[in-house]
Structure formats: structure tokens, C-alpha cells
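A structural walkthrough
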Amino acid sequence: MKKYNFLKYYVLSLVLLSTSCENMLEVKPRQSIDSATALTTSDAISGAINGVYDRLQSTNLYGRDFVAIPEALSDNGRATNKSGRLNAEFNNQAGAHFGNWGTAYIAINQVNLIIDALPSVKDMTQAAKDAAEGECKFLRALLYFDLMRAYAYDPGAEVPQYNRGGVPLMLTGVIDPSQITFPERATVKAVYDQMYKDLTDAIAKIPAARKNIVYASQGAAQALFSRIALYNKDYATAVKQSTDGLASGVGRFVDNAGYVQAWRVAQHPESMFEVIYTTPENIGVNLSLQTTYTTLVELGNRARTGGFGDLVPTANLLAALESEKEGTRVLDIRRQLYELGTAGRGTAEIECTKFLGRSGAVNLDNVPVIRFSELYFNRAEANYMLGNEADALRDLNIVRTRAGLPARTADLKGQALLDEILKQRRLEFAFEGQRWFDLKRRGQDIVKLPLTIPFTDFRILAQIPTGEINNNPKLRQNFGY
Amino acid sequence: MRKTTLLSFLLMIVSCAFVFAQDKTISGKVTSSEDGSALPGVSVTVKGTTKGVTTDGSGVYKISAPANGVLQFSFIGFTNEQVAVNNRTIVDVQLKSSDNELSEVVVTGYGGAMSKRDLTGSISKVKGQDIENAPIQSFDRALQGRAAGVQIISANGVPGGVVQVRVRGVGSISAGTTPLYIVDGVQLNSNNSSSFTSSNPLNFLNPNDIESIEVLKDAAAAAIYGSQAANGVILVTTKRGKAGKTNITFNYNTGIVEQFKQLDVLNTQEWIQVRAEALWNQARATNPAAEFRTSLTSALTSIRLSGTLTDAEIAALPTYDWQKESFKTGTSSTYGLTMQGGNDKTTFYLSGGFDRQDANLKNVDFERGTMKVTLGHKVSPKLNVDFQTNLSTATSRGQFGGPGGGSFLGAAAFSGSLMIPSNPIYNEDGSYFGTPATGGTAGILNQNIIMVTDLNTIKATINQAVSNLSATYKITKDLIFKPFVGIDYRIIKGFNYTDPRTPDAFNVRGRAQTQFDENINFITNATLNYSKEIGKNRFGGLVGVEYRSDVREGFSSQSENFPTPEFKYPSSAANPISIGGFWTGSRKNAAFANLRYEYGGKYLISAIARYDGSSRFGRNNRYALFPSISGSWIISEESFLKGSNVLNLAKLRLSYGSTGNDQIGDFPSLGLFGGGFAYNSLAGMAPTGLSNPDLKWERNVTLNLGFDLAFFNDRISLSADLFKRDSKDLLLFQPVPITSGFSSIAKNVGSMTNKGIEIEFGVVPVKTDKLTWRSDFNFTYIDNKVTKLYDGITPLATPDSIIALPGDTRFAVGYPAFSIFSFQYAGVNPATGRPIWLDANGNPTYRVQNPRDLKFFGSNQSKFYGGWTNNVSYKGFELDVLVQYDYGRREFNNQNAFLSEAGGRAFNVLQDVYDRRWQKPGDITDVPRPYNGNTELNGSGNFTGTRMLQDASYIRLKQVTLTYNLPSAWAKAIKMQNLKVYAQGFNLLTLTNWEGYDAEFINLGSGNNGVIPLSRNYIGGIQFTF
């Protein structure tokens, strides 16, 4: 009988196993960690901050939408219907608009969780914590700014009867179901105040030595601040932040000789903040900026078709680029960034080549978010609005001469000066995601073919996702949707 | 607490006393009543004791028993006999074969088996011999049409492909609906985790090694498996050796595999005509003076022909049949060798098999080798040890454009019919036409799909071992202890190479993706089985404990840029794009008990309770109890019916109980930070979900009422079950404001009900010495309804304010799961040729409003289904016929929608659509006029709504098998024990209104686009036994 003792031990161990030790049912995932204790170390904080930058790569932020949709909605881009993408945006169909709501709030929550966690991280110096906080606040300001540009009227350019305020302000992290709230839209002013505060903190806390343009830096924060102040029609701040940004040592001004080449290298030398994409992050043949803008795989090779070339410059934009000539020669060097694409996807079109696989693979491009030149434009416009026309003209001429255009004299003044600043701004940043917002923040109609969208049209603002309205009774949809 | 219960139960059993009487040795021979042949391996026991022997190779046994004792003889496939010794020393016995269903033995889980007569729950059984040699790779397909309450739908016609199995309807919205599969006690992991091919987790088991398949359907039958049993339990028992002479059986068959039908599509001339009409109709919508010739020119240039071709030149253009080139007739072959035998101590069954089968589509096939060993050894009269192992390796080649292999536009099953017919397939020199370097093929499908399918490699190899080791120890004559360990070990190697000569990898110079997954699924349990008979009372009890862990780990890679197409593996690539690795796992433990009591062979009652724990659930709801109770009353045993010549069985069954569904993923309750959010080549992390410590099991509560009747000595039998299955606490992802940083939280809030009727009707119309005809019919009707979703759903703005999951109208309160809400297509306005729909008020409109005009149009769940089997045997001939039917399932025919565009885009068109298109005012038809882009000015798209919603009901002549057994005298003359030849046809004939390739498919996201349809197979084979 003795030899069957193992049976006894077997049953005993099974009974013990199954009934007495609840810990046996504690199985922890191995490619994830428990959120309750996730953000307690310095490494975790760095990883979490990278996780926020990673969101910026999403196609509904800087992967595509915040670069291409402002061109499609406005008078710069024309949809070719080669893949059918951006057709609806080009036709300004109701609802065909920005869709960054979800991604932006997910990223904002990530930022908030990091800011909340920082004080209790043990293995970080106060200086390191400050730097992380500054970086987070820069990112939060950028995310809110993009939400505001898409879903709310800009200060001083509203249609009052349609105005339903800014966007909900979420400033503390949510990790547990009990922390979920049902916020209403904050006022436009409250959101701008918060962005000012965040950027002021960012400038104060990010160490000046940080100059890597793929991360937040003082210069990037100053540049973003100057743009936000311009949108806020707070021109003195815009001038100050532009000047600070120009002196920050982040990014540099590219001269005429290097201008086109600047769009042929992985990192644009003018970038003050750029979203970088590495090889595995290639957005691919459907949604990348290269496929959106061009059928070309390489310059001048019309035999090889790559992407779809869904959005090409309008005749109006090309005419503006070609408006200054010497004989038949187009003076504007920026015109050289447009060339005839292939016929591989249908009729060959003149296409924008700013995104051409600059990072060494087809469909792989870093995306400049703010370029150094913009600070001259921001300062010129702000100075003009403050009545400092001479300063405005000086900045305008810096960018005009760089583009190969003759400098203008003091004869250019008043509305004509402003118009010229805005025209050059359009030409400088065409296909970089500024045009729609520049028209919108100034309350201008969108004059385009086949039809003009007046500023009073509800389609100026994006639609808040309907699911969000259904889930949160306090949230008001934008007018018209 | 549980521990003490178990121990006291053990004590109680051990304290039972038993008595021995004076014994003498008895011997005898057991033979079959049919042909008088000796029966080896028959179990002979002395009634009321643990004593037992089995007959040897010549059917002889020797046992010691009291002179006044009773011997019990039992053998699978034969009726049990009890014979009184009556002071004899030689007791010869003839056993009758039990073709009688109700006395047949049914496996019930945890090693239990009982006669169908003693069942209180609802169990369907399919015998291994019924599915033998069918051209199927996984046994789930073999259940189709054979078991009431079990619906089988093949996802596609890929050999060894995915099959959807639903036992008694669908009972979940977001969790799994797969039944629990148990092979010889090993609970399988039925995750289908091959990334690149359609593969079935049951492919490891050679269907010819199966002895029987039992499907446990109601709570009484399945509750012993508690939290995993809500979707039903499918028990598979494989073949075992029988004591006696060693038999060697060789089996070979070969056959052909062909497509059901080809779709009739246009030639080049017709296509140019309809495309030109589509362009012209669009041009005329804004410019009534538009010329047809202009549109004809555009039509020609759009497919790279000269715009100036004359009518005569157009008429001379050739047509190429891409469909015929894509689909092809394939072959199949199967080789099997089994050896089985043993003596009264040890039995064995060894089997090796190899089979391969093509799909009906080019370059898609399946190849498998299997090996099986089953050993049984009697260590002592009290202790038996059993060991079984199944080894297999299966390699399948998948379709480009199948799962993970590119979009369906590149799938030959999709594009074969849709390619523009003017595209040649090959150049004159035999090379492929339309390579990427030459600009591809004309039309939207701009790649040469034949080249793509020839050059790309898409395959997966799954190596699997399913083994178990168990002991059966008779502690006393009434008490049996059975420890068990089992393992289901699986390796999946996936490989997907996109050739640099094909468009998808032309610009990156080739792309290789690999997958390597390992799954270790370990299970162990121990049971105590008690049975006791005291007078008219029979007691039975089972207690057990169980532990299971299931861990999956894997790696994947993607790399690009190969020197030449001959280099296919990542180490030759210049650009490693990504490497992935994952780990996931769960653990479960359980204690369970079953108590049975029977009085006088008339009244049976059974209670089951299982207490289950699982790591998958929230900390606050980690354990749950799943109880059930059932009873039956054999009315025919009552004195007023007993001995009736007409009615030989009448039995009533009733059961009620609860089971759980744990197929919700491994970590749904945890709030997690996940990796993979890298930026600038530095690792990043982000929250991936909200925690929910209250997350718990989905629960099914089933009420079952059944009766079994048998008349005229079992010549007519009828079993019917009425059931109501309430699925509660269904896991739904309830949206939260995304301003919180999350989009939803998983909550146990939904519920759903399935009500149904199952009928199994058997009749033996002819039974003579030479000719027997048996006919069985089964029928299942199911009425499914979603009864609750979560609170606070904004109703759809339709007249009846439907409450559906946001963004997913397939699930709406008061409607069946997988409902179809759509816009009613109402044909064509004869005056204009424009498509019209009916709005919410029933008025015709050119433009529907979403959601206002949405209406309910049924669901893709069948209303009823079943099968009809017939078996006719005449002398040595046997004919088996299976007819299978499925009614009421509705599906969108997505692929035919593309084929019905009538020149709206550059796809080929169905001949029928071309012939019936609207051409001039007054034409009465339901095919709108061709229109470029398929959307008329200010109209809804031509394919909006129910236009392509079709009835996927069908009746199929599923299987016809004709077997001829050589008379045993002739077989012996050529030194064989048995020789048979057989011929089989599979999917011979289908009656359906479905207009695509085949009505049987599962919508895995792209509808029937690119789905490889089922095949028709013909097989001829031979089997002989030495």
C-alpha cells in the first residue's frame, strides 16, 4: 500500500493549492504595470513623458491632421480624389474637420498624471522635477492650444450668437473610475489664462541648456507663447515672446541659399519644436504626409509612383507663389518646393514636396511644429497691430529677401503692409498647417473654389464627438452640429 | 471550510464496511450475437464487488465469484448484460450490439460515463464512425448538422480554417462565445492565434482518431465545468486499444477539391459599354448635351486603351478570365496507419496519419502529420494507469489578403471576379503582365493578383502536443480516486513574405513578417467518485479539485529591404522595422461536487456545485459559485406503462442551473500602464485602461425541460428539449467622457436571452437481416434577444427610438444580437433609373436620413438549423447521407456589391446586373442605371441600405458516403480481417438564394470580401485491417 502514498500527497497538495492560497490567482501582466504604482521612479517619469510625445505623432495631431487639414479646409489645398481622402475636408462638408478631441484629452490626462506624481518621486532632484514639470506644461499648453484652435473661436474673432466657449479644462489626472468627472466647457479666457500660466512655468523651469528640438525647450515654449499671444490678440506679449524666442538659441534662420535644402534633410534647421518619427513609426502609404501631398517617391523621378497625392496646391496658391517675377523667372524660392507629380494615380498634378521621406524612408518625415521664421511673422504682425510699422516692415523684409523677393520700402504701410505680412505668412507656411487657423483667428471668410465659407458659417468650428455629448450632459455641442 | 467538507466526505467513505462471500472460479467466452465473433476486452465484473477482469484476445475470461452471484458484462457498442452464476463454472455470454440510442453510453465529464437513459441533463452525441474519412481537418466541422443545438458555420473554405461554433445561440456581446473543448480530459486553449492564416485550434486532432464527441448543452450537464461552461462544453473521447489480437489498419484516400460555382462576369466589350454609360449618365446629370463618345473615350483611356478605338476595334479586344486563373481544382489525400491491441493488463492504440488538402484557390493548402499513442495499464486490480498523447504538425498556406496578409483588395478570391477583363494575365513571353515597374494593371485593382499570390509566401506551422496521464484507483469497491494531469502545448510559427516584385513591397524591396508564439496550457485535477446501491436506491457522488494555468508568450518581427527575392528571412534584411514580444496568462482553480440519487430506476436527481476562481477577474469578485439541479422521471418504468409493446421509453427531464463565461481577456480588471509608446527611439509608457476591481463573470442561467420517447422496440425515438438561457452580467464597455483620458470602462451590465427548442427524431423504417435503414432528423429553433444594455444610452433618433450600443446598432434592446438595422431599398424609379428607398414613413426617397430611416431587417443569427442523416446497410454495402440546413441568417453580400457597381468604378460587373440594368424610361428593374461613383446628385449611394442584404439560408447535401465491406470470409481468404472500399462526396449540392460564391461564411470584419468559399470534394479510399 505504501507505494501509493504519492496519491495522498497529491490530493493533499491539490486541496491546499486550490483552496488555501488565494495568491495563486494573482497573475500580473508582464508587458504592462499596475497604474497605481506606475509613476514612482525617475525612469517611469521619463517613460511617461515620452508617452505624451508619442501621442503627438498620432495622425489626428501632427502625424497628418494638424498639418494637412488646415490646408484642405482653407484656400491652399485642393483634393484630387486619388484615394478619396480629404475630399470631404476640401469640400468643407459638415463634420469633415479636426478630430483631435480624444487623443488630446488622453494626452492631457497623461500630462496631468505626471505632474501629480512628481512631488512623490524619490529618486529625482528638485531640478530634475522642475525640468520635467516645465516640459509637461509646454506639452499641455500645446495640446490645449490645438483643442482651442479646432473647437472654439479665437479671442476677439467670434460669432457671438454661436459662441459656446472654450474646451473643458482638465488639470488633475484620472487613473481610477472614481475620479471621472463630467466637466463643462471653460471660457475661452480661462483656457488662455491656463496656457499663459503653463508656458510661463515652462519657460521658467525648463533648463536653458536643453536645445534638442524634438523635445520641449525654453525656445520652443517662447515660440509657442508668441503664437498663442498673437491668437489672443495680446500683441505686446507676442512681440516679447518672439524676441525672446529668436534669442533662445533653439533653431536658426536659414538663408536663401540653404532654403530649399532645409526641406531635404531629416531635421529642418529652422525647427524650434519638431515631432520626430523613427523607422517603426512610419505612418505608411495611406495617411502619411508624403502620401497625402505627393505621388513622388523622389524628386524629379516621375516614373516611380509612391503615394496618392491627395492634396495639391490650389491655382490661387500657385499664382501667389508666382506673383513676383523677373521676366518669366519666378523670384520666390519657395515655388521650388512644388513640382509635377506622376501620372501613376491619375492625372499628374503640381504637388508640394516639403514631406518627401526626409528621414530616410518613403513616408517617413519629421514634422516641424514651430519654425524659427514664424517668430519674424508673429512679431511683424503684432508690431503692426501695435502701430510699430517700421519694426513690422523690418521683420517682413527679413523673410522676403530670404525668399528671393526684393525688400520693400516704407512706402508699404497701413493695410497694404498687413496684407503683405499675411500673404508672406501664407506662402511661407503653405502645407504646414497654418492657413486655416490664420484666416479663422482674424475672423476672415474662407474664399475658395468651388464655394466660399463665410466666417459666420458654423463649419468654422469642428464638431465635438457626438459620443462625448451623449456621455456628458454638461458639455455643449458647437452650434450647427 | 471547503477543506473540511472534503475531508469529512473522505472519512465517511473510508468508514464504509464491506463483506465478502465464498467464491469459486468461473470462466467463459463472450461473443457477439450478430456474427458470433469473439469479443476481446469486454469488462466482466461481479455485481456488488470491485472485482473485475476483461476478456482476452479470444473473448475468454476467468473470474472468481460467489456461486449465487451475478456477473455483469459491459462493452462499448453493446448492450450490458447481467447473468446469474447459478452454481455454474462456465458462463458463456452473447452480447447484443446496441444500435439503440437510449441505452448507449454517454460521456459526461471528469471521466464519468452513463447510459443515455440515466441522463438528467441535455447532451448530444456524435460517434466517431459517422465522421470517419470526411475531408475535414478539425472535428468541429464534422458536427455540422449532426447535433441538435449546435450550430457550426465555417468562416471560410480554407482547409483547416476557422469555424464558429455556437451551442444554443450566442450569449455574450463582448466576451467570447466559443464552447469549452475538452479532449480526453484536457481543457484546450481555443484561442485562434495564427497571425497570417486562418487556422483552427482543433487541427491537432486527426478526426479519424475520435471515438465520440459529446456536447454538454444545459446547466445540468455543463455546470460541473462552472465558469467555462456558459457557451457549452464539447467533450472529445479518442480511440483506445482493446485487448486481444493486435490489429493493424491501413487507410488511404484521395480526392479532388473544386469550386461550387464561378460568378458570371462581363467581357471586355460589355465592360467598356457599361463603364461608358456610367460616365455618360453622370455627365448628363449636369450637362444634358453631353456626348456618349466622350464618355466612351474616357472609359477606354481609364483602362489604358486608346481613346480613339473604333467600334470594330473595340469588338476585337480580347477578354481574360482572371477568375478561372485564381480558382482551381485541387486535390486531397489521406494516409493513416493504426495499430491496436493488448492483453488483460495492457492495451494500446497507436496511430499515425498524414493528410493534405488544397483549397479551391491557387496556392492555399493544408498539410498535416499526426501521431497518437494511447496506453492503458492495470498495475493491480485496484490501480489503472492511462496515458494518451497526440502530436501534430500542421502547415497551412494562406491567401494574400487574408488575415494579416494585406487588404482584401489583393485577395485572389476577391479580385478574381473583379479585375478588368481587358488586362492580360501574362505577357506573350509568359512573364506576368502588369508588374509594379510597368505601372500595374488597369483598374482600381492595379496589381496582378496571380503574380501576387504566386510570389508572396504566407504560411503558418502549428506544432502541438496534447497529452494526459491519469490514474484510477479503487479505494473501495464503491469509491474511486482519479488524479489527472494534462497539457496542451502549442507552438505557432507564422511567416509572411511580401515579395519585392509585388506592389506592396516594391518600394521597400521586400518585407518579411514573422510570428513565434508558444502556448503552455496545463491542467490538473483529482476526483473522488462514489457509487453505492442499497436496495432500490442508487447513490452517486463526485468531488474534485482542479487547477489550470494557461500562458502564452510570443515574438514577432518585421523587416524590409532584401537583396533579391530569394532572400526571405529577417537576417538578410537591411531594415529591421520592428520586433514585438508579449506575455499573457491566467490561472484558475476550482472545487466541485456532484451528487446523484436514483430510486427504483425511475426517479433521478442530480445536483452540481462548482466554486471557481480566476485571475482574470477583479479583486472583489474573484470567486463565484455555479450550482445546478436536475431531475428525471422515467415514466415508462411505472407499473401502468411497464411492459407496453408500443411505448418502450418515456422520460421527462428538468434542469436549472448557472454557468459562467470567463472569455474576457486576461487582465481586463486591472488599471495598467502599457509600454510601446516610444518617442525618439526612447521607451515610453502610458495608461491603457481604468481599473475595475468589481469586474466579474458573465453568468448564464439555463432552464431546460426535456422528454425522451421510444416506441416499437426503439424503432422510433424522439427527444425534445425546451430551453431558456438567460445570459446576465454581460461585459460591456460603457463610455465615459474622454476628457477623463479614457474612452470606456468595462462593466457587467448587459443581459440577453435565448429561448429555443431542440428536437432529435430517429426512425428505423426498415430492419431486416439484410437491409437496415436508419434515419435521424434534428432541428433547433432559437429566439435570441438582447434584454438590457447599460443605462443612459441616448436612443437613436428613429420613430421607435431604438436603444442600441453607441455606434454599433448590431446590439439593441429588444432585438436579437447581431441585428441588422438598415435602409429599405425599394428598387428603381422607372422614369429616371435612379435608386429609391423608403423613408421612416414608408415614402419613396432618393436620399435616406441616418438614423431616422433605419429599420430592422433581421439578424445574422439563424432562426433554425439542423440536419438529416440516413444510414442504409445492405449486405456489405453501407450508404450514409447527410443533409444539413440553416435558415434565417441574413448577411450583406459585400463582394457582390463591388460586382454590382455597373461601371460606377473600374471593377468588373456581374452579367446579371449588366443584363438587368436600367437603360431607358419605363424599364422596370431593381438595378439602377450605371452612374460613375455610384452616387447620383443629391442622392444616397447606390448601395445604401438593404440592396445587397441577402438571405443566407441554405439546404446542403453535405455528405454522401458509400462503403463496401468485403464479406469476412473473402477477407480472410486474402489473410485480412477486414477490407473496405469507400467513396464520398462532400458539399455535393446546395440550394440557396444567396448570390455570391457561398452562403456559409463568417463576417470577420470585411464581410464576404475575399473569403475563400467552401469546396466540393470527392474522395475514393480503401481501408484494410490485418
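Residues numbered from 1 in each chain as written. Chains lettered and ligands numbered in written order. Predicted model: local features only at pLDDT ≥ 70, side-chain atom pairs only at ≥ 80, totals over all residues.

1. Focus on the interface of chain B and chain A
Using the following cut-off: We call two residues in contact whenever the C-beta atoms placed from their backbones are within 7 Å. Counting from the N terminus, the helices are DSSP H or I runs at least four residues long and the strands are E runs at least two residues long. Basically, the charged four are Asp, Glu, Lys and Arg, the nonpolar ten are Ala, Val, Leu, Ile, Met, Phe, Trp, Tyr, Cys and Pro, and anything else, Gly included, counts as polar. Strand pairing is assigned whenever DSSP identifies at least 2 bridges connecting the two strands.
Across the contact, 63 residues belong to chain B and 59 residues belong to chain A. When residues of the side of chain B that touches chain A are traced back to their parent elements, those giving at least two are α1 (2–14), β23 (479–498), β24 (511–534), β25 (537–560), β26 (575–599), β27 (603–614), β30 (672–674) and β31 (686–689) of chain B. It is β26 of chain B that provides the largest number of residues to the side of chain B that touches chain A, a total of twelve residues. Here the side of chain B that touches chain A is composed, by residue class, of 32 nonpolar, 26 polar and five charged. Taken together, the three bridges between strand β1 (residues 32–34) of chain A and β30 of chain B define a ladder with antiparallel strand orientation. Paired with Ile33 of chain A across the strands is Phe673 of chain B, a residue of β30 of chain B.

2. Points about the domain arrangement of chain B
Many analyses report the size of an interface as the accessible area lost when the parts associate. What counts is decided by this rule: How far each domain reaches was decided by an automatic or database domain assignment.
Taken domain by domain, chain B consists of domain 1 (22–98) and domain 2 (268–318 + 901–942). Measuring from the centre of the C-alpha atoms in domain 1 of chain B to the corresponding centre in domain 2 of chain B gives 82 Å.

3. Quick word on the domain arrangement of chain A
All names here are of chain A. Taken domain by domain, chain A comprises domain 1 (40–199) and domain 2 (283–365). For domain 1 and domain 2, the distance between their C-alpha centroids amounts to 29 Å. Taken residue by residue, the interface counts 17 residues in domain 1 and 16 residues in domain 2. Elements with a minimum of two residues in the side of domain 1 that touches domain 2: α3 (59–63), α4 (65–73) and β2 (77–79). In terms of residues, the side of domain 1 that touches domain 2 owes the most to one element, α4, which gives four residues. Class assignment of the residues belonging to the side of domain 1 that touches domain 2 gives a composition of five nonpolar, six polar and six charged.

4. Points about the nonpolar core
The criterion, for reference: Buried Ala, Val, Leu, Ile, Met, Phe, Trp, Tyr and Cys residues whose C-beta atoms connect them within 7 Å together make up a nonpolar core. Field definition: a residue is buried when 20 or more other C-beta atoms are found within 10 Å of its C-beta, exposed when 12 or fewer are, and partly exposed for counts in between, with C-beta atoms placed from the backbone.
Of all hydrophobic cores here, the largest spans 153 residues; its most connected members are Ile182, Ala222, Val233, Val236 and Val909 of chain B. A per-element tally of this core places helix α5 (residues 268–286) of chain B first, with seven residues. Apart from the residues within four sequence positions on either side, Ile182 of chain B is in contact with Gln187, Leu188, Val233, Leu235 and Val236 of chain B. Residues Leu61, Leu224, Tyr235 and Leu321 of chain A belong to the second largest nonpolar core, which totals 135 residues.

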